[in-house]
2 protein chains.
Amino acid sequence: MNDQEKLTTYLADFIQELVFNGVKDVVISPGSRSTPLAMMIAEHPELTYHINIDERSAAFFALGMAKQTRKPVALLCTSGTAAANYYPAIVEAKISRVPLVVLTADRPHELRDIGAPQTIDQINLYGKHVKWFVEMSIPDENEELHYFVRTTAARAVNISTQAPAGPVHLNFPFREPLIPRLDPSPFGEAKQAVKSTQGKLSLSNGEMERICMELETHPKGLILCGVLDEPGFKQAVLTLSNQLGYPILADPLSQLRSGLHSGDTIIDNYDSILKDGKHEEKLSPEVVLRFGAMPVSKPLTLFLKKLKNVEHIIVDSGSGWRDPVKMGTQMVHMDEVLFCEGISSLIKQERTSKWLEMWQTLNDKTRQIVTQTIEDVQELDEGRVVLELTKLLPNDSTLFVGNSMPIRDVDSFFHTNQKNIRIMANRGANGIDGVVSSAVGASVYAENMFLIIGDLSFFHDLNGLLAAKMHHLNITIIVINNNGGGIFSFLPQAGSSKNFENLFGTPIDIEFEYAVKMYGGNYKKVANWDEFQTSITRAVETSGLNVIEVPTNRETNVQIHRKMWNRVSQEKDQFLTGDSGC
Amino acid sequence: MNDQEKLTTYLADFIQELVFNGVKDVVISPGSRSTPLAMMIAEHPELTYHINIDERSAAFFALGMAKQTRKPVALLCTSGTAAANYYPAIVEAKISRVPLVVLTADRPHELRDIGAPQTIDQINLYGKHVKWFVEMSIPDENEELHYFVRTTAARAVNISTQAPAGPVHLNFPFREPLIPRLDPSPFGEAKQAVKSTQGKLSLSNGEMERICMELETHPKGLILCGVLDEPGFKQAVLTLSNQLGYPILADPLSQLRSGLHSGDTIIDNYDSILKDGKHEEKLSPEVVLRFGAMPVSKPLTLFLKKLKNVEHIIVDSGSGWRDPVKMGTQMVHMDEVLFCEGISSLIKQERTSKWLEMWQTLNDKTRQIVTQTIEDVQELDEGRVVLELTKLLPNDSTLFVGNSMPIRDVDSFFHTNQKNIRIMANRGANGIDGVVSSAVGASVYAENMFLIIGDLSFFHDLNGLLAAKMHHLNITIIVINNNGGGIFSFLPQAGSSKNFENLFGTPIDIEFEYAVKMYGGNYKKVANWDEFQTSITRAVETSGLNVIEVPTNRETNVQIHRKMWNRVSQEKDQFLTGDSGC
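Residues numbered from 1 in each chain as written. Chains lettered and ligands numbered in written order. Predicted model: local features only at pLDDT ≥ 70, side-chain atom pairs only at ≥ 80, totals over all residues. Heavy atoms only, no water.

### What to know about the overall build of chain A
Here is step 1: Secondary structure assignment for chain A yields 22 helices and 18 strands.
Here is step 2: The C-alpha atoms of chain A give a radius of gyration of 26 Å, which matches the 25 Å a tight globule of 582 residues would have.
Here is step 3: Each principal axis of the C-alpha atoms in chain A carries an extent, and together these give about 85 × 60 × 45 Å.
Here is step 4: Counted over contacts in chain A with a minimum sequence separation of 6, partners at least 24 positions apart contribute 78%.
Here is step 5: Surface accessibility of chain A: about 20,600 Å² in total, with carbon and sulfur atoms responsible for 48%.
Here is step 6: Looking at charge distribution, chain A has the averaged site of its 56 positive side-chain charges lying 4 Å from that of its 70 negative ones. (Helix = DSSP H or I, 4+ residues; strand = E, 2+ residues; numbered from the N terminus. Rg over C-alpha atoms; globule rule 2.2 N^0.38 Å. Contact = heavy atoms within 4.5 Å. Areas by Shrake-Rupley, 256 points an atom, 1.4 Å probe, with all protein chains shown as cover. Lys, Arg positive; Asp, Glu negative; His and termini not counted. Charge placed at Lys NZ, Arg CZ, Asp CG, Glu CD.)

### Remarks on the packing of aromatic side chains
Here is step 1: Tallied over the full model, the rule gives 19 aromatic pairs over all chains.
Here is step 2: Note on A:F291 and A:F339: the rings are 5.9 Å apart at their centroids and 65° apart in plane angle, and the pair reads as edge-to-face. One end of the pair, A:F291, is in strand β10 (residues 287-291); the other, A:F339, is in helix α12 (residues 336-346), with 48 residues separating them in the sequence.
Here is step 3: Judged by relative accessible area, A:F339 falls into the buried class, the value being 0%.
Here is step 4: Here the aromatic rings of B:W355 and B:W359 are separated by 6.1 Å at their centres, their planes lie at 75°, and the arrangement is edge-to-face. In this pair, B:W355 and B:W359 are both assigned in helix α13 (residues 354-375), four residues apart and thus about one turn of the helix distant. (Phe/Tyr/Trp six-rings, centres within 6.5 Å; stacked < 30°, edge-to-face > 60°. Buried < 20%, exposed > 50% of the residue type's maximum accessible area, 1.4 Å probe, protein only.)

### Some points on the domain arrangement of chain A
All names here are of chain A.
Here is step 1: Split into domains, chain A comes out as domain 1 (3-173), domain 2 (205-367) and domain 3 (380-552).
Here is step 2: A C-alpha centroid distance of 30 Å is found between domain 2 and domain 3.
Here is step 3: Taken together, the contact pairs 17 residues of domain 2 with 17 residues of domain 3.
Here is step 4: A per-residue breakdown of the area domain 2 buries against domain 3 is headed by L253, R257 and V296, which together make up 34% of the total.
Here is step 5: Counting the contacts that link domain 2 with domain 3 gives two salt bridges.
Here is step 6: Its salt-bridge partner being R257, residue D411 comes within 2.8 Å of it at the nearest N-O pair. (Domains from an automatic or database assignment. Buried area = accessible area lost by both parts, 1.4 Å probe. Salt bridge = Lys/Arg side-chain N within 4 Å of Asp/Glu carboxyl O.)

### Topic: the side chain of B:N430
Here is step 1: As for its position among the elements, B:N430 is in the loop between β14 (421-425) and α16 (435-443).
Here is step 2: Given a relative accessible area of 8%, B:N430 falls into the buried group.

### Re the interface of chain B and chain A
Here is step 1: On the chain A side, the residues contacting the 81 residues of chain B number 81 residues.
Here is step 2: Interface area for chain B against chain A, summed over the two sides, is near 6,700 Å², with a carbon-plus-sulfur share of 63%.
Here is step 3: Contact with chain A buries surface across chain B, with B:F459, B:L503 and B:M518 losing the most and accounting together for 10% of the total.
Here is step 4: The interface formed by chain B and chain A holds four salt bridges in total.
Here is step 5: In this structure, the salt-bridge partner of A:D121 is B:K128, at a minimum N-O distance of 3.0 Å.

### A closer look at the UniProt feature "domain: Menaquinone biosynthesis protein MenD middle" (unreviewed entry) in chain A
Here is step 1: Under the UniProt annotation, "domain: Menaquinone biosynthesis protein MenD middle" (unreviewed entry) lies at residues 217-401 of chain A.
Here is step 2: Taken as a whole, residues 217-401 of chain A contains 41% helix and 15% strand, while its terminal C-alpha atoms sit 39 Å from one another. (UniProt positions renumbered as here; feature names shortened; annotations may be inferred.)

### So, the pattern of salt bridges
Here is step 1: Evaluation of the coordinates by the stated rule reveals 59 salt bridges over all chains.
Here is step 2: Of the charged contacts, one joins A:D229 and A:R70 as a salt bridge, the two residues approaching to 2.7 Å between their closest N and O atoms. With A:D229 in the loop between β7 (221-225) and α8 (233-244) and A:R70 in the loop between α3 (55-69) and β3 (73-77), the pair connects residues that are 159 residues apart, well separated along the chain.
Here is step 3: A salt bridge links B:R150 to B:E17, with the shortest nitrogen-to-oxygen separation between them at 3.1 Å. You can see B:R150 sitting in helix α6 (residues 143-161) and its partner B:E17 sitting in helix α1 (residues 3-20), a full 133 residues away along the chain.
Here is step 4: For B:R150, a relative accessible area of 17% puts it in the buried group.
Here is step 5: Salt bridges linked by common partners bring A:E375, A:R384, A:E388 and A:K391 together as one network.

### Focus: the relation of the copies chain B and chain A
Here is step 1: The two copies are related by a screw operation: chain B maps onto chain A through 180° of rotation and 0.0 Å of translation along the axis, at an RMSD of 0.0 Å. Accordingly, the operation relating the two chain copies is best matched by a two-fold axis. Ranked by how close their C-alpha atoms come to the rotation axis, the residues of chain B are headed by B:Y514, at 2.5 Å.
Here is step 2: Comparing interface residues between copies, 100% of those in chain B also sit at the interface in chain A, which points to an isologous, same-surface contact. (Least-squares fit on C-alpha atoms with pLDDT ≥ 70 in both.)

### Describing the sheet that holds strand β4 (residues 100-106) of chain A
Residues and elements named next belong to chain A.
Here is step 1: One open sheet accounts for six strands, arranged β2-β1-β3-β4-β6-β5; its pairing is parallel. Each edge of the sheet is formed by a strand with only one pairing partner; in this case those strands are β2 (48-51) and β5 (132-135). With strand direction ignored, the average angle separating the axes of adjacent strands in the sheet is 20°.
Here is step 2: Examined bridge by bridge, strand β1 (residues 25-28) and β2 share four bridges and lie parallel to one another. Residue pairing in the sheet places D25 in a bridge with T48 of β2. (Pairing = 2+ DSSP bridges. Axes fitted to C-alpha atoms, helices over the stretch in contact; angles between N-to-C directions.)

### Focus: the sheet that holds strand β5 (residues 132-135) of chain B
Residue and element names in this part refer to chain B.
Here is step 1: Pairing within the open sheet is parallel, and its six strands lie in the order β2-β1-β3-β4-β6-β5. Bordering the open sheet on either side are β2 (48-51) and β5, each of which pairs with just one other strand. Here the average twist between neighbouring strands, direction ignored, is 20°.

### Quick look at the UniProt feature "domain: Thiamine pyrophosphate enzyme N-terminal TPP-binding" (unreviewed entry) in chain A
Here is step 1: Here, the residues flagged by UniProt with the feature "domain: Thiamine pyrophosphate enzyme N-terminal TPP-binding" (unreviewed entry) are residues 14-124 of chain A.
Here is step 2: Span residues 14-124 of chain A is 41% helix and 18% strand, its end C-alpha atoms 21 Å apart.

### Some thoughts on the pairing of β4(A)
Residue and element names in this part refer to chain A.
Here is step 1: Counting buried positions along β4 gives seven out of seven residues, so the element sits mostly inside the fold.
Here is step 2: Burial of the side chains of β4 extends over both faces: L100, V102, T104 and D106 are buried on one face and V101, L103 and A105 on the other.
Here is step 3: As defined by bridge partners, β3 adjoins β4 across five bridges and the pair is classed as parallel. Of the residues in β4, the one forming a bridge with C77 is T104.
Here is step 4: Pairing analysis gives seven bridges linking β4 to strand β6 (residues 167-173), with the strands arranged parallel. Paired with L103 across the strands is L170, a residue of β6.

So this is what it looks like as structure tokens:
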């Protein structure tokens with residue numbers, strides 16, 4: 001077997017096994033050393049490859065696609081700093097539990113650490129931020145080596161998808177020549193080396209009965225749902241909530257605010273309800289049952305931190321320890337759907353609950369005030385953008401949400417609704433980087449894709465728009481442009497330093513219209529709410545890249561929020577000191 | 001002492017000590033957790049801070065500035081993926097030996113690995129790609145701790161600048177509140193904790209005499225100079241070359257092609273001379289003396305690999321093992337300037353050398369052919385751009401060169417000249433990423449700053465242009481736009497695969513004019529050589545950001561190169577088979 005044949009058969013076995021194990025998409029950044037893998041991936045009939053020039057964007061693009069499809073996505077780049085550009089998305093994928101199979105090409109041993117070009121130390125390049133690292137061998141024909149390469153592909157996919165899902169990294173040293181044999185096709189008839197079947201964590205009946213009993217003794221409970229995107233969870237937790245009479249405080253990323261029926265037990269306005277920090281004894285639960293990562297709401301966090309003598313149960317299918325409020329009394333490592341269904345099956349009697357009614361009434365009243373206050377805002381404002389979007393988004397939409405202010409506004413203003421709307425964000429490390437690419441990656445397989453994002457975050461990943469142009473993707477991006485870092489206006493440093501605007505405000509004063517035109521998109525800067533509504537409606541009907549810019553004002557935004565919180569606080573005061581019902 | 005006072009005095013000591021040790025510039029990316037360091041750095045009267053929103057750009061910006069000033073530059077960002085964005089530039093800085101002091105803010109211990117927002121594992125975040133990592137303590141008032149923080153600052157700068165220079169990383173956990181006390185100024189009268197004085201590697205007299213003797217026994221020697229930017233080296237190596245009668249094959253990044261006098265022993269056309277691989281026995285040296293990283297020329301590499309029984313001495317002040325051709329017979333770890341001066345002082349008699357004359361004549365003839373062939377090219381061509389630039393650049397210019405094709409074209413076509421032109425490139429890992437930011441960073445303290453770059457590399461770091469706009473920097477960028485990855489047309493995969501254009505050509509079809517306008521720059525796409533010349537002349541006189549786009553054709557470019565190499569080969573044939581003179 002000559003070297004080309006060794007290269008070809010080795011990689012054919014690897015790629016075939018990736019496919020057997022469920023990889024369908026590979027995001028490729030062009031390069032020289034990665035030539036053998038790139039050329040062979042492009043030849044595989046069951047793989048779709050997506051070219052993405054900037055490796056930082058490429059990795060976030062893969063992350064978004066993996067989120068949207070709930071499948072592992074592979075990534076390929078050449079040696080050198082190209083691979084280092086993957087780092088931010090890998091860090092995000094690890095914390096937010098997104099399966100990525102990262103393939104990097106490398107120089108062979110004899111070219112390492114001797115000043116050869118494009119050669120960096122890629123062994124454990126991503127440190128503890130990947131679940132698994134394997135230094136692959138130089139391609140050869142040895143039979144055991146072929147078993148190694150096939151099972152390594154299988155294990156890579158397996159590890160990346162096993163809860164908690166995350167990124168894995170395989171580093172491939174290649175010697176020249178780098179051209180594989182493509183004719184006849186390197187992919188013959190092959191069968192899978194080893195099939196793997198993944199289990200889910202579950203508790204014994206005895207353990208479940210103990211927990212159920214604890215829940216049944218306490219009529220005042222709160223179910224908190226943070227970031228979680230697990231099919232089947234919504235129905236399971238809604239059923240449990242009804243049985244226990246516990247309201248569900250649902251973060252927008254719990255996917256529990258959309259596709260609802262009237263009478264559902266979702267509380268969507270807890271951020272505004274809890275903002276003033278008053279009447280906490282009336283709202284205090286005896287037990288908290290939490291699923292998913294911690295919700296974004298800061299008032300909720302502060303509320304939880306002040307609770308005393310509360311049983312706080314955290315259920316996590318990924319065996320994590322996600323308790324930033326440090327209130328957990330029980331860590332339950334179990335699949336969330338199995339947990340809800342299991343407890344439901346043990347509950348003897350559905351509870352009618354004044355506690356639940358109180359939360360629902362308070363939530364309805366708050367939602368009314370929030371909606372009224374925000375709908376009264378005539379100038380362009382960040383909160384109302386979200387409120388309008390909730391109405392304007394078509395059924396079967398995906399809304400990707402930028403970090404910093406947008407996710408907070410979505411938390412406050414994206415209310416429960418009956419449409420099928422999926423909400424996604426990069427809430428692992430909450431970076432403002434890579435958001436455009438993540439949303440564009442998600443758009444590949446999404447029906448109606450929207451992104452709401454701030455100007456700094458949009459700028460940070462402008463390069464992400466190239467993929468939308470190159471691959472003719474459909475996405476509508478709403479850019480909230482307050483010309484700088486809006487979130488800092490809510491923090492203590494606002495006004496405290498003569499350097500505030502330089503260090504934190506950081507206005508960048510750029511016209512995004514140019515960038516959008518460069519990437520062949522449709523652009524509209526709106527001047528009022530009519531234009532905003534028309535633009536969204538038009539974007540829904542227009543394929544390709546649509547960017548709608550909403551200029552807002554950082555100071556006005558702070559004032560509007562404060563006014564709304566005051567009104568909510570007054571109403572809550574009246575309700576809870578009057579007939580609180582509890 | 002209250003918490004604010006503890007925070008303030010701890011950081012004041014740290015920052016003051018950075019300044020004592022020579023840090024003058026800090027590149028800051030906005031963020032929340034980094035607030036205390038950012039606010040205090042902004043207050044220090046002897047520090048200049050440079051805001052750069054995108055951390056990937058920020059780190060390359062710092063890298064370029066550190067290259068230009070030959071001083072350590074500090075970097076500051078917040079916690080989370082922000083810090084991961086520094087990775088590509090850090091990897092580059094480590095290999096290309098550029099001193100960076102990387103400061104990252106982090107959450108305190110009690111918020112780590114429990115799902116708190118913007119919290120990632122930052123311990124050893126950059127793995128083996130930094131020279132030193134220190135996890136700092138929570139600010140406190142303990143006296144020994146203050147000694148620790150001051151000496152850590154001193155050591156950080158010291159380690160980053162000590163040969164081989166490189167990046168160091170200090171991670172700062174901060175608890176809220178994050179606002180330091182700024183009034184009265186936190187920087188009182190302070191004196192330096194510990195002064196450090198750095199030595200240079202040198203050999204004993206006996207060792208130097210042995211090496212000198214070896215050189216004197218061999219009349220046929222070649223001095224190879226790769227990437228090296230050390231003041232004093234040019235004079236020292238030119239003197240040595242004259243004494244030994246050894247020609248200097250000087251990579252453009254050796255800084256030896258500019259500021260020359262007639263009769264200097266620099267060979268600048270060895271890439272074209274060696275391209276055909278013929279007459280190698282006549283050109284073969286008995287000894288090779290090499291300084292700096294390996295030169296970029298591939299024909300030179302292949303030529304060296306075929307040499308037999310050659311003494312190959314590699315001198316490296318940074319104790320590296322930079323020998324990708326695997327021909328080294330002696331690794332000499334000594335300061336390059338001291339080495340040249342030391343050997344020079346031992347040489348008894350200057351050699352007149354037919355060997356040197358042969359190389360000089362061959363070089364002159366080759367330069368003539370190369371110049372003629374390329375000046376005859378009427379269509380816009382990548383080689384001629386460099387030839388024209390050599391003529392058009394004003395005295396006291398810095399030319400930053402992109403990787404992939406531009407650095408190869410500069411190697412072939414940037415000929416010896418009498419002007420003061422400094423040439424820089426990111427040749428550590430040779431990435432196409434971060435090049436714009438590096439050049440923009442270098443422009444802060446450069447007199448006349450130029451960048452020549454390909455379209456993919458320009459695209460990769462378009463974000464780098466924001467700093468030019470925000471800080472009103474002066475830089476002229478020449479974008480060679482062949483709409484895709486031109487270098488791949490020279491590689492074996494060209495034409496070998498039906499997916500070639502998709503996987504490697506990767507045309508991105510964007511109009512850069514939009515990007516340049518967005519960043520407030522002047523833009524000109526030239527149609528012919530007259531326009532090119534006029535545009536460069538105009539750019540020299542126009543402050544701010546100037547971008548000159550030169551559309552070229554990937555196929556034509558390959559043809560022109562081949563034609564030129566053929567003509568050089570014929571001339572060489574004639575010269576060396578006629579009266580070779582040696």
